[in-house]
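Below are the chains, spelled out letter by letter.
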Amino acid sequence: MDRSGFDRIPYAWYRDEALYRLEIERIFEGETWSFLGLEAEIPNAGDFRRTVIGEAPVLFNRAEDGRVHAFVNRCSHRGALIQRENFGNVAAHVCLYHSWTYDLAGDLVAIPHRHGVGGSPGMPDDFDMACHGLRKLRVDRVNGVLFATFSETVEPLRDYLGPTHVAHLERLFRGPVRVLGYQRQAVRGNWKAYLENVRDHYHGALLHGFQSTFGINRSTHDCGSRMDPKRRHSLLFVRQPPEEYEDAPPPALDPGPPLPLAEAAEGARLALQDPRLLHFAREFDDDRSTTMCSIFPNSTFQQIRNALAARQIRPRGPGAFDLVFTIFGYRDDSAEMTAHRLRQANMAGPAGYVSLEDAEALEACQSGHRAGGDGNSVVEMGGRGPIRDGDEKLDDVMIRGFWSYYCEIMGLDPREG
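All figures in this text were calculated on a predicted structure; none of them were measured in a lab. (Residues numbered from 1 in each chain as written. Predicted model: local features only at pLDDT ≥ 70, side-chain atom pairs only at ≥ 80, totals over all residues. Heavy atoms only, no water.)

1. Focus on the environment of Leu 195
Put simply, the test is: Labels follow the DSSP assignment, with helices taken as runs of H or I lasting at least four residues and strands as runs of E lasting at least two, numbered in each case from the N terminus. A simple rule labels every residue: compare its accessible area, found with a 1.4 Å probe on the protein chains alone, to the largest value its type can have, and call it buried under 20%, exposed over 50%, or partly exposed in between. Contacts are assigned to residue pairs with any non-hydrogen atoms lying within 4.5 Å of each other.
With respect to the element layout, Leu 195 can be found in helix H4 (residues 191–197). Its relative accessible area of 0% is what places Leu 195 among the buried residues. When near neighbours in sequence (up to four residues on either side) are disregarded, Leu 195 contacts Ser 294, Phe 296, Pro 297, Ile 313 and Phe 402.

Structure, rendered in structure tokens:
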């Protein structure tokens, strides 16, 4: 395929229902590893969490032997959802409809009236319980971050992620974590547009007035970006000058005097009542104050100063998706640092100073795509190819890289869209 074609993306690819159904089959249920959740969410035997991969309802839980299992949350009998609570602890999963019962590995272990009652025949003699367990997914992890796949042939997880993204996950999950909360954002846009968004370095300073006004992300900042060799995943980061960070979080209760970054907004008619929101306590062995690590197809791992979160994409058709934020800190955080992370978590989420504008922009794009016609998205900033060397910020190469891999896995050519 002529890779120069990846600077034009057909609008139809953001709205086509048949293409979306193919994406579910070839991507979410195909040769990929999807973010499942965090081991910290299921610390004890019997703990489970309900989630979604693509459109498949999925459960993952911890068994008595400590292993994590994942399977489709759909009873083999009549197709009912088995668990309807998002979290819980059980000895077994029992369907409410006819009480078919599955163990923590997803195997069918009990059926009421299997051998009949009062002379009724029950299930046929050749009915094999082992053939009617829940559909299982393979599970693997990096430092407590769980991924799952429907495929039996996709490469091992660490090979799929590549060394750059494995190293970043090991950086971000450098020790045991504690979940601090969840947020969910409904976006009326195409799920692929969100993957473009988290690969787009230069929109931050243009779209997010909060970021540019208060010095979190500006076009002049020192920054960088990385892709894996197959162009599946991306990593964006901003480096903070050493004079603009501290080695400890601010006090939890006393805002104290304004910090230098709060004063950077002079003349902009904007000021923060609580300048602690901008405080950056350096906690990694580098000076990266913002990182966005996107793992194809359904996750982004966020560091905005000291606000840490895993973001999971849950598609709901070609024109809508949910974005679920799992906000976390480290188990050894002080009370002050936990309060600081929660304070800065307000920068993302449904009403976040950043995410709110992303959703608005993606919905505006989707409204334009729905208008029909044969138009194309133009992604020529910085050139036309999907590969480059170096740390350029003002380019679309990460987006072109994404589309080149998407076309490869879907068997498409953008010039024929």
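So, next bit.
2. Focus: helix H9 (residues 355–370)
Stated precisely, the cut-off is as follows: In a helix, the anticipated span is given by 1.5 Å times the number of residues less one. When we speak of the arc, we mean the arc of directions from the helix axis to the C-beta atoms.
With 16 residues, H9 extends 22 Å from end C-alpha to end C-alpha; this agrees with the ideal 22 Å at 1.5 Å per step. All of the buried residues in H9 are Ser 355, Asp 358, Ala 359, Leu 362, Glu 363, Gln 366 and His 369. Around the axis of H9, the buried residues are gathered within 130 degrees of arc, so they sit on the same side. Structural note: H9 exposes Glu 360 and Ala 364 on the side pointing more than 90 degrees away from its buried face. On its buried face, H9 sits against strand S12 (177–187), H4, helix H5 (203–207), strand S17 (307–315) and strand S18 (321–330). Within two residues after H9, Gly 372 carries a phi angle of roughly 85 degrees, on the positive side.

3. Let's talk about the packing of aromatic side chains
As a reminder of what qualifies: Aromatic pairing here means that ring centres of Phe, Tyr or Trp (its six-membered ring) are within 6.5 Å. Orientation follows from the plane angle: under 30 degrees is stacked, over 60 is edge-to-face, and everything else is tilted.
Inspection of every chain in the model, using the stated rule, returns 17 aromatic pairs. When the centroid spacing of 5.8 Å and the interplanar angle of 75 degrees are considered together, the rings of Tyr 14 and Trp 403 count as edge-to-face. Here Trp 403 lies in helix H10 (residues 397–410) and Tyr 14 lies in the loop between strand S1 (8–10) and helix H1 (17–28), a separation of 389 residues in the sequence. Take Tyr 14 and Trp 403: they sit in the same class, and that class is buried. Residues Phe 35 and Phe 147 carry aromatic rings whose centres are separated by 6.2 Å and whose planes lie at 70 degrees to one another, so their mutual orientation is edge-to-face. One end of the pair, Phe 35, is in strand S2 (residues 34–38); the other, Phe 147, is in strand S11 (residues 145–149), and 112 residues separate them in sequence.

Honestly, that's just the spatial picture; any functional story needs more than this.
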